[in-house]
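Residues per chain are reported as follows:
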Amino acid sequence: MNRLKEILELKRLAEEFQLENREIIAKYNMQELCSIYNGIGPDAFPEWLRNAIFVLHPSLAVIAFIHDIE
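Calculation rules
Residues numbered from 1 in each chain as written. Predicted model: local features only at pLDDT ≥ 70, side-chain atom pairs only at ≥ 80, totals over all residues. Heavy atoms only, no water. 1 Å grid on protein atoms, 1.4 Å probe; cavity = no way out; pocket = protein on both sides within 12 Å on 5 of 7 lines; lining within 4 Å. Points joined across faces, edges and corners; volume = space filled by probe spheres on them. Helix = DSSP H or I, 4+ residues; strand = E, 2+ residues; numbered from the N terminus. Nonpolar A, V, L, I, M, F, W, Y, C, P; charged D, E, K, R; others polar. Phe/Tyr/Trp six-rings, centres within 6.5 Å; stacked < 30°, edge-to-face > 60°. Buried < 20%, exposed > 50% of the residue type's maximum accessible area, 1.4 Å probe, protein only. Contact = heavy atoms within 4.5 Å. Core = buried A, V, L, I, M, F, W, Y, C linked by side-chain atoms within 4.5 Å. Salt bridge = Lys/Arg side-chain N within 4 Å of Asp/Glu carboxyl O.

It is the rolling of a water-molecule-sized probe over the atoms that shows where space remains empty. Within this model, the largest pocket holds a volume of roughly 350 Å³. Lining the largest pocket are 19 residues, and of these Glu6, Leu10, Tyr37, Phe54 and Ala61 lie nearest its centre. Looking at the lining of the largest pocket, the elements that each hand over two or more residues are helix 1 (3-16), helix 3 (47-56) and helix 4 (61-69). Looking at side-chain class alone, the lining of the largest pocket contains 10 nonpolar, 4 polar and 5 charged residues.

Before going further, it helps to examine the packing of aromatic side chains. Geometry of an aromatic ring pair is reported as the spacing of the ring centres plus the angle between the planes. Tallying each qualifying case throughout the model produces 1 aromatic pair. Residues Tyr37 and Phe65 carry aromatic rings whose centres are separated by 5.5 Å and whose planes lie at 85° to one another, so their mutual orientation is edge-to-face. Of the two residues, Tyr37 is situated in the loop between helix 2 (30-36) and helix 3 and Phe65 in helix 4; the sequence distance between them amounts to 28 residues. In this structure, Tyr37 and Phe65 share a single accessibility class: buried.

Here Ile40 is to be found in the loop between helix 2 and helix 3. Here the alpha-carbon distance between Ile40 and Arg50, two residues 10 residues apart in the chain, equals 5.4 Å. Contacts of Ile40, omitting those with residues within four sequence positions, involve Phe45, Arg50, Ile53, Phe54, His57, Leu60, Ala61 and Ala64.

It is worth spelling out the nonpolar core at this point. Among the nonpolar cores identified, the biggest contains 17 residues, and Leu10, Ile25, Tyr37 and Phe65 are the most heavily contacted of them. Elements with a contribution of two residues or more to this core: helix 1 and helix 4. For this core, the leading source of residues is helix 4, giving 6 residues. Apart from residues no more than four positions distant in its own chain, Phe65 is found in contact with Ile7, Leu10, Lys11, Ile25, Leu33 and Tyr37.

Turning to the pattern of salt bridges, a few remarks are in order. Going through the model one piece at a time under the given rule, you end up with 6 salt bridges. Notably, a salt bridge pairs Arg3 with Glu6, separated by 3.2 Å at the nearest N-O pair. Pair noted here: Arg3 and Glu6 are both in helix 1, with a separation of 3 residues, about one helical turn. Residue Arg3 is classed as partly exposed on the basis of its relative accessible area of 31%. Put simply, Arg50 and Glu47 hold a salt bridge, and the shortest N to O gap is 3.0 Å. Residue Arg50 and its partner Glu47 are both found in helix 3; the two are separated by 3 residues, about one turn of the helix. When salt bridges that share partners are traced, they join Glu9, Arg12 and Glu16 into one network.

Structure (structure tokens):
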């Protein structure tokens, strides 16, 4: 999935699930959101590890999205 589609899907899921602090998403444009969100896990994690966590627990992505923005 390309980055823009991924961010749009994460925004949609945050609204669908009425997640806490989802309002913060509206403060940023798509370019900013693409640069802020790094996936599941801290910056210190290598990309392969964040991808592995996503494969195992994809439902965490939307939570990580809001967390990264905060």
